[in-house]
Amino acid sequence: MSYVSPDGATGFPGNLDTNVLYCWLEDKTFLILYCGKTDKDTVFAPTNHAYFNLRGENAEGTVNEDLIMINSDKITIKDDNNVPTGELKDVEGTVFDCREYRFIGELNDSDDHQMVISKGIDQNFCLNTTAGTFSFAAAVTAPASGITMECLTDLPGIQIYAGNNLGDPLDIKTTKSYGQYDAICLEAQMVPNAVNLPQFDSPVIKAGKKVYHACGYRFV
């Protein structure tokens, strides 16, 4: 798929030519490969916001009953408008410590202020990944179905969002309406607000340079 965002669209400079390849690999990885090129320095920070329900279509229960693991030692702290401030917090000793599997419900039910302002988990985790290397970022497993999904990427962050605001009449697939915590997103990405926070990898790409990012979802 491809799209050209014209110079000046929504205030961003440059004609940004974006191509996205979706494909299945032989090891059951659904690969998303992003490519961006611009004629002026501009922001290129793609991500994927697909909702996953590993329990199966029309299944009972919520993601609170599923388990999550995240390859991260730190989160970015956000303000009450859900925007990262630049402050980092170690996950050690907190509800955000998902370096080993823990129930997603422990996150959504937490009284930590970061959870409360988002009605559950909606947080960027700084990944232990290396630019240009396709590395393990996170995994979700659903005991009800036995399905595990791993997320791999070369991007520095991942936003974990558990459908906290689902429940609109339009949130429906076939005959099932999806409500709060019925599905989860694993959004490999640049750190949100990094364009204003120089301590993080910059999402700005230079004119004439072709930039690639990758994200994959492996089902095991």
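See the structure printed just above.
Since this is a predicted model, take the numbers as computed values, not measurements.

*Asks:* Got a sec to walk through the sheet that holds strand β17 (residues 211-219)? Specific residues and values, please.
*Replies:* In sheet architecture, strand pairing relies on hydrogen bonds along the backbone and comes in two forms, parallel and antiparallel. Taking strand neighbours across the sheet as the criterion, the eight strands line up as β1-β2-β3-β17-β11-β10-β5-β8 in an open arrangement whose pairing is antiparallel. Since the sheet does not close on itself, it has two edges, and those belong to β1 (2-5) and β8 (102-103), each with one partner. Examined bridge by bridge, strand β10 (residues 135-142) and strand β11 (residues 147-153) share seven bridges and lie antiparallel to one another. From the neighbouring strand, Thr141 faces β11, where its bridge partner is Thr148.

*Asks:* Explain the pattern of salt bridges to me, and be specific about the residues and the numbers.
*Replies:* Under the definition given, this model contains eleven salt bridges. One salt bridge connects Lys89 with Asp112, and the closest N-O pair in it is separated by 3.7 Å. Here the residue Lys89 occupies a position in strand β7 (residues 84-90), and Asp112 occupies one in the loop between α1 (104-108) and α2 (113-116), the gap between them amounting to 23 residues. Note on Lys89: relative accessible area 29%, which makes it partly exposed. Among the salt bridges present, the one from Glu106 reaches Arg102, with a minimum N-O distance of 2.9 Å.

*Asks:* Explain the layout of surface pockets to me, and be specific about the residues and the numbers.
*Replies:* If you add up the space inside the largest pocket, you get close to 240 Å³. The wall of the largest pocket is formed by 16 residues, among which Ala131, Asp154, Leu155, Pro156 and Asp201 lie closest to the centre. Broken down by secondary-structure element, the contributors of at least two residues to the lining of the largest pocket are β9 (122-127) and β17. Residues that form the lining of the largest pocket fall into these classes: nine nonpolar, five polar and two charged.

*Asks:* So what's going on with the sheet that holds strand β12 (residues 157-161)? Residues and values would help.
*Replies:* In spatial order, the strands read β7-β6-β9-β12-β15; together these five strands make up an open sheet with antiparallel pairing. Each edge of the sheet is formed by a strand with only one pairing partner; in this case those strands are β7 and β15 (185-189). For this sheet the average axis-to-axis angle between neighbouring strands, irrespective of direction, equals 30 degrees. Two strands pair when backbone bridges link them, and β9 and β12 are joined in this way by five bridges, in the antiparallel orientation. Residue pairing across strands places Asp122 opposite Tyr161, the latter belonging to β12.

*Asks:* Explain the environment of Leu127 residue by residue, including any values.
*Replies:* Tracing the backbone through its elements, the reader meets Leu127 in strand β9. In this structure Leu127 comes out as buried when scored by relative accessible area, which is 9%. Expressed as a C-alpha distance, the spacing of Leu127 and Leu170, which sit 43 residues apart in the sequence, is 33 Å. Not counting the four nearest positions on each side in its chain, Leu127 is found in contact with Ile70, Asn71, Ala137, Thr153, Leu155, Pro156, Gly157 and Ile158.

*Asks:* Account for the pairing of strand β3 (residues 29-38), naming residues and giving values.
*Replies:* Counted residue by residue, β3 has seven buried out of ten residues, so it is predominantly covered. The sheet contact formed by strand β2 (residues 16-24) and β3 spans nine bridges and is antiparallel. By the bridge assignment, Leu21 is partnered in β3 with Leu33. Between β2 and the antiparallel strand that follows it, β3, lie four residues; Lys28 among them carries a positive phi value of about 70 degrees. In terms of strand pairing, β3 meets β17 through eight bridges, oriented antiparallel. The residue of β17 that forms the bridge with Ile32 is Cys215.

*Asks:* Can you break down the nonpolar core residue by residue, with the values?
*Replies:* General note: in soluble globular proteins, nonpolar side chains tend to be found buried as a group. Ranked by internal contacts, the top residues of the largest apolar core, which has 41 residues, are Ile68, Ile70, Ile158, Ile160 and Leu186. Of the residues forming this core, the biggest block, four residues, is contributed by β10.

Criteria and thresholds
Residues numbered from 1 in each chain as written. Predicted model: local features only at pLDDT ≥ 70, side-chain atom pairs only at ≥ 80, totals over all residues. Heavy atoms only, no water. Pairing = 2+ DSSP bridges. Helix = DSSP H or I, 4+ residues; strand = E, 2+ residues; numbered from the N terminus. Salt bridge = Lys/Arg side-chain N within 4 Å of Asp/Glu carboxyl O. Buried < 20%, exposed > 50% of the residue type's maximum accessible area, 1.4 Å probe, protein only. 1 Å grid on protein atoms, 1.4 Å probe; cavity = no way out; pocket = protein on both sides within 12 Å on 5 of 7 lines; lining within 4 Å. Points joined across faces, edges and corners; volume = space filled by probe spheres on them. Nonpolar A, V, L, I, M, F, W, Y, C, P; charged D, E, K, R; others polar. Axes fitted to C-alpha atoms, helices over the stretch in contact; angles between N-to-C directions. Contact = heavy atoms within 4.5 Å. Core = buried A, V, L, I, M, F, W, Y, C linked by side-chain atoms within 4.5 Å.

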